[in-house]
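One-letter residues, chain by chain:
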Amino acid sequence: MTPLATRWIERLTAFRYLFIILVNLIPIGGVLLLGWNGAQVLVLYWLENVIIGVLTLPRVLAARGQFQPPGQPGPPSSLRVGCFFVVHYGIFCVGHGIFTFVIAMDFLRSADPAVTGPLFDAPFLWALASLAGLNLFALWRDWWRPRAWRTASAIGEMFRPYGRIFVLHVAVLGGAWAIQKYNAPEGAILILCLAKAAMELVTGWLTRPRSELQPAVR
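Calculation rules
- Residues numbered from 1 in each chain as written.
- Predicted model: local features only at pLDDT ≥ 70, side-chain atom pairs only at ≥ 80, totals over all residues.
- Heavy atoms only, no water.
- Helix = DSSP H or I, 4+ residues; strand = E, 2+ residues; numbered from the N terminus.
- Contact = heavy atoms within 4.5 Å.
- Axes fitted to C-alpha atoms, helices over the stretch in contact; angles between N-to-C directions.
- Parallel < 35°, antiparallel > 145°, perpendicular 65-115°, else oblique.
- Left-handed = near helix turned anticlockwise from the far one by under 90°.
- Nonpolar A, V, L, I, M, F, W, Y, C, P; charged D, E, K, R; others polar.
- Phe/Tyr/Trp six-rings, centres within 6.5 Å; stacked < 30°, edge-to-face > 60°.
- Lys NZ or Arg CZ within 6 Å of the ring centre and 35° of its normal.
- 1 Å grid on protein atoms, 1.4 Å probe; cavity = no way out; pocket = protein on both sides within 12 Å on 5 of 7 lines; lining within 4 Å.
- Points joined across faces, edges and corners; volume = space filled by probe spheres on them.
- Core = buried A, V, L, I, M, F, W, Y, C linked by side-chain atoms within 4.5 Å.
- Buried < 20%, exposed > 50% of the residue type's maximum accessible area, 1.4 Å probe, protein only.

Engineer: Would you mind going over the side chain of Thr-100 with me for this structure?
Structural biologist: Along the chain, Thr-100 turns up in helix 4 (residues 78-110). Thr-100 has contacts with Leu-42, Val-43, Trp-46 and Val-172, leaving out every residue within four places of it along the chain.

Here you go:
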């Protein structure tokens, strides 16, 4: 195998990409194996928003790196940035959640209960727990274990999750459109899940660390 091929394999098998794949296999598996409906996928994506926000807050509060905003006499404290993040992200999640649950409940009311089943059944809760567990493991591996908080800035950590949030927002809008226009057939929801996974992989590739842009030393 050539050095170039080896380097590409190393990049593609980096934990960040495996994490994206594993996280997205959860709703894909729910649709293919458990017959999840559009409402369940929609709500799971919103709950993923919540998980990301909850796990971002300790990163913001623990960050000890310095970032000097233009025109400010000193760097903002982590606590102040954390409070701003809670308010800003909280308003976003509440608005996003109202939209999500209105669409989901409307779908469940109009669908056949024998076909759709309950929204929060046991497999859905296990999937949610798995999603939270993967994000917790990523937090430990990429943040606490390497002690990344020593050099990271609070403002940088506050903005870090918004790439994933943008993809999730697009996925929720796409799911709502599929539910309203096509009554959320399995094929449409599966395409939505695959499209979200592809967008997250592309986003992860475009925002990869600067170290991955350097040629491998052989």
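From this point, the narrative continues.
Engineer: Sorry, what's going on with the packing of helix 3 (residues 38-62) against helix 9 (residues 186-206) here?
Structural biologist: Pairs of packed helices are described in terms of their axes, by the angle between the two and the distance that separates them. Across the interface, helix 3 lies against helix 9 with an axial gap of 10 Å and an inter-helix angle of 25°. Viewed along their axes, helix 3 and helix 9 adopt a mutual orientation that is roughly parallel. The way helix 3 lies across helix 9 gives a crossing that is left-handed. Judged by residue contacts, Gly-38, Val-41, Tyr-45 and Glu-48 of helix 3 engage Ile-189, Leu-192, Cys-193, Lys-196 and Glu-200 from helix 9. Here the contact of helix 3 with helix 9 is built from residues that sort into five nonpolar, one polar and three charged.

Engineer: Can you walk me through the packing of aromatic side chains in this structure?
Structural biologist: For any two aromatic rings, the description comes down to two numbers: the centre-to-centre distance and the angle of the planes. Applying the stated rule across the entire model yields nine aromatic pairs. Seen in terms of ring centroids, Tyr-89 and Phe-92 are 6.1 Å apart; in terms of plane orientation they differ by 50°. Their pairing is tilted. Here Tyr-89 and its partner Phe-92 are both found in helix 4, three residues apart, which amounts to about one turn of the helix. Here the aromatic residues Phe-85, Tyr-89, Phe-92, Phe-159 and Tyr-162 are joined through ring pairs into a cluster of three or more. The ring centre of Trp-140 lies 5.4 Å from the NZ or CZ of Arg-145, which sits over that ring.

Engineer: Mind showing me how you'd approach the layout of surface pockets here?
Structural biologist: Taking a probe equal in size to a water molecule and rolling it over the atoms shows the remaining empty space. When its volume is computed, the largest pocket comes out at roughly 1100 Å³. In this structure, the largest pocket is lined by 32 residues; those nearest its centre are Arg-16, Arg-59, Asp-142, Arg-160 and Arg-164. Listing elements by their share of the lining of the largest pocket, those giving two or more residues are helix 2 (15-34), helix 3, helix 6 (122-144), helix 8 (162-182) and helix 9. The leading source of residues in the lining of the largest pocket is helix 6, at six residues.

Engineer: Before we go on, may I ask you to explain the nonpolar core in this structure?
Structural biologist: Counting residues in hydrophobic clusters, the biggest one holds 51 residues, and the most contacted among them are Val-31, Trp-36, Val-41, Tyr-45 and Cys-193. Residue assignment for this core shows that the elements contributing at least two residues are helix 2, helix 3, helix 4, helix 6, helix 7 (154-159), helix 8 and helix 9. In terms of residues, this core owes the most to one element, helix 3, which gives 13 residues. Not counting chain neighbours up to four residues away, the residues in contact with Trp-36 comprise Ile-26, Pro-27, Gly-30, Val-31, Val-41, Leu-44, Pro-123, Phe-124 and Ala-127.

Everything listed is a geometric property; what it means functionally is a separate question.
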